[in-house]
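Results of the structural survey
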Amino acid sequence: MLILELAESYENDVNLKLLKNVIPSLGVLYNDKRQYSTTESDVTTPLELFNDEEVQDLVPRSLRQACMPHQVFIVHPYIKWGPKKKQDTSPDLQLEEAVSLIKTLHDWKIVGTKKISLLSLDKLSLFNKGQLETVENLVSKNQLITSVFINIKSLKINQHLFLENLLGVPVFDRYSIVMNIFKRHAVTKEAKLQVSLAEIPFIRSRIRGINELEGTNFIKNTGIGSGETIISKRLTALSFYEQQIKKSIEKLRKNRELLRKKRRNMEFPVVAVVGYTNAGKTSLIKCLTEEEKMSPEDKLFATLDVTVHAGILPCSLKVLYVDTIGFISDLPTNLLEPFIATLEDAIQADLIIHVQDISHPDHVMQKSHVLKTLESFNLRGGLIQNIISVGNKCDKVPTNSSVDNDLVLTSCTKQTGLKELEEKIEKGVINALQLQKIRIRADLAGLALDRVWWMEECGHRLMVSPSNLGLC
Ligand SMILES: Nc1nc2c(ncn2[C@@H]2O[C@H](COP(=O)(O)OP(=O)(O)OP(=O)(O)O)[C@@H](O)[C@H]2O)c(=O)[nH]1
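Parameters at a glance
- Residues numbered from 1 in each chain as written.
- Predicted model: local features only at pLDDT ≥ 70, side-chain atom pairs only at ≥ 80, totals over all residues.
- Helix = DSSP H or I, 4+ residues; strand = E, 2+ residues; numbered from the N terminus.
- Contact = placed C-beta atoms within 7 Å.
- Pairing = 2+ DSSP bridges.
- Expected span 1.5 Å × (residues − 1).
- Buried ≥ 20, exposed ≤ 12 C-beta atoms within 10 Å, placed from the backbone.
- Core = buried A, V, L, I, M, F, W, Y, C linked by C-beta atoms within 7 Å.
- Axes fitted to C-alpha atoms, helices over the stretch in contact; angles between N-to-C directions.

1. Observations regarding the overall build of the protein
- For the protein, the count of helices and strands is 14 helices and 13 strands.
- Counted over contacts in the protein with a minimum sequence separation of 6, partners at least 24 positions apart contribute 74%.

2. Regarding the sheet that holds strand β2 (residues 71-79)
- If you walk across this open sheet you meet the 4 strands as β3-β2-β4-β5, and the pairing is parallel. Across the chains shown, the open sheet's two edge strands, defined by having one partner strand only, are β3 (109-118) and β5 (171-172).
- Relative to strand β4 (residues 147-150), β2 runs parallel, the two sharing 4 bridges. Following the sheet pairing, F73 is matched in β4 by V148.

3. Things to note about helix α4 (residues 91-103)
- Relative to the 18 Å expected for 13 residues at 1.5 Å per residue, α4 spans 18 Å between its end C-alpha atoms, a close match to the ideal helical length.
- For α4, the secondary structure elements touched by its buried residues are β2, β3, β4 and α7 (174-185).

4. Some remarks on the pairing of strand β8 (residues 318-323)
- Where burial is concerned, most of β8 is hidden: 6 out of the 6 residues are buried.
- Neither face of β8 is open: one carries K318, L320 and V322, the other V319, Y321 and D323, and all of them are buried.
- The pairing of strand β6 (residues 270-275) with β8 spans 4 bridges and is classified as parallel. Note that in β8 the partner of A272 across the bridge is V322.
- Two elements, strand β7 (residues 307-312) and β8, share 6 bridges in a ladder whose sense is antiparallel. Following the sheet pairing, H309 is matched in β8 by Y321.

5. Brief notes about the nonpolar core
- Formed by 44 residues in total, the largest nonpolar core has its most connected members in V148, F149 and V178.
- In terms of residues, this core owes the most to one element, helix α8 (residues 189-213), which gives 8 residues.
- In this structure F149 touches V72, I74, A98, I102, F172 and I177, once residues within four positions along its chain are discounted.

6. Topic: the sheet that holds β8
- A sheet is described by the order of its strands in space; here 6 strands give the open sequence β7-β8-β6-β9-β10-β11, paired in mixed fashion. Only two strands of the sheet have a single neighbouring strand rather than two, namely β7 and β11 (408-409).
- Note that β6 and strand β9 (residues 351-357) share 5 bridges and pair parallel. Paired with G275 across the bridge in β9 is V355.
- Packing of helix α10 (residues 281-289) onto the sheet brings it into contact with β6, β7, β8, β9 and β10 (388-392), and relative to β8 it is tilted by some 165°.
- Against the sheet, helix α12 (residues 363-376) makes contact with β6 and β9, and its axis sits at roughly 155° relative to β9, the strand it touches most.

7. A look at unusual backbone geometry
- Of note in this structure, L126 is not a glycine but carries a positive phi near 65°.
- Structurally, the position occupied by L126 is in the loop between β3 and α5 (129-141).
- L126 sits in the buried class, given 24 other C-beta atoms within 10 Å.
- A positive phi angle, near 60°, is found at K393, a position not held by glycine.
- In this fold, K393 is placed in the loop between β10 and β11.
- The class for K393 is buried, based on 23 C-beta atoms found within 10 Å.

Given below as structure tokens:
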């Protein structure tokens, strides 16, 4: 394809009309602000909402408890030494992230926090005797506490039951907290179904685990999971619902594929915007598209659905920006799998922008987590190598701070760095799609149009863009 830029001294509308009349086959790209969105407006049922007693019975109490308002005490266990110690972050920063996760739940309150160093996360009681006593004392003495959040990926079932028995309040891990956030933020049919799908491995492991622990000190006479027949019935029912959900997601995915093909046929380059949660992806797209309707929020996982927004590059070429779900570290893979599938699908784009919050104290860890996850995707060649890295929220860092040279520094609140970024996106798109940009200074009604005809005859695919008199 070829981008032609004509001299900039002609009056836009006249030229546009002319071009539209003369070369209808070129397909005029209007500078409209239409939103091409895959968002579904109707809402359907996640697993919890299946109107069926059998399935209602499968959802464990702990998942329901996580969806209620709580006054929570946060405990952050971390490995102090050895190969399992986290290298690219610190316990303080991780505790800060745990606080942000809870703050995202608007009806939850944080009553207190505590960091506890461990040698491993595998112990049945998780903590040693002294640490357990400390936590137990803290919880029993503070009547405000209605639950405890242990900030690790996921608790094993026996650890979970042990801690709940000991502390006498519901205990949550990152899995249940993030699941709760996902449930609240899932707007579209697909996101809701994905949340349900993400819940299933947890429910399955619960059914199996409770069966194994039945009759032990952890579970006495619950009667909820005993007996091979009951267990296998529950597992079969769960698999049935899992299949139903997968089928529905597959249907929606096919629709999305159709939409994508449609977009491709319209020849709009697609730019996927990815990044750690809360880095400013939605804000940046809003700046690049001036789409008033978009509403960035200061909460984690504000965006669970893939949405597409049209923007115009400096050369007047229209591009579609894809807003994606944010990344976060330390989550069980089975929770993220359904979302990753959508993400992987969404970023089969022509170009990727990686938005980083450079004001965040854990910025280095966030960046490497996103890049590692992207590398694990099955993306087409060149896409990762050509990522545009954006250092957002630069208004929040001192001007003399050292930052990577390859970052385009932006501030969405102060609207800075956007022009430079758009130029970089334009270059990236032109490279990725092997476009050519040619500037012709000529009278539009005469020579220029002859050339356009000639180029089309030579087999070039051309598009016309009205806004700065460019043909592209
Ligand atoms: N100071 C400052 N705040 C910003 C900037 N960009 C975004 N924010 C704020 O950061 C918060 C998160 O912004 P979003 O655009 O929702 O971030 P996101 O990456 O889309 O978030 P998720 O959907 O949760 O992954 C909002 O409160 C924004 O107003 C910036 O350049 N400077």
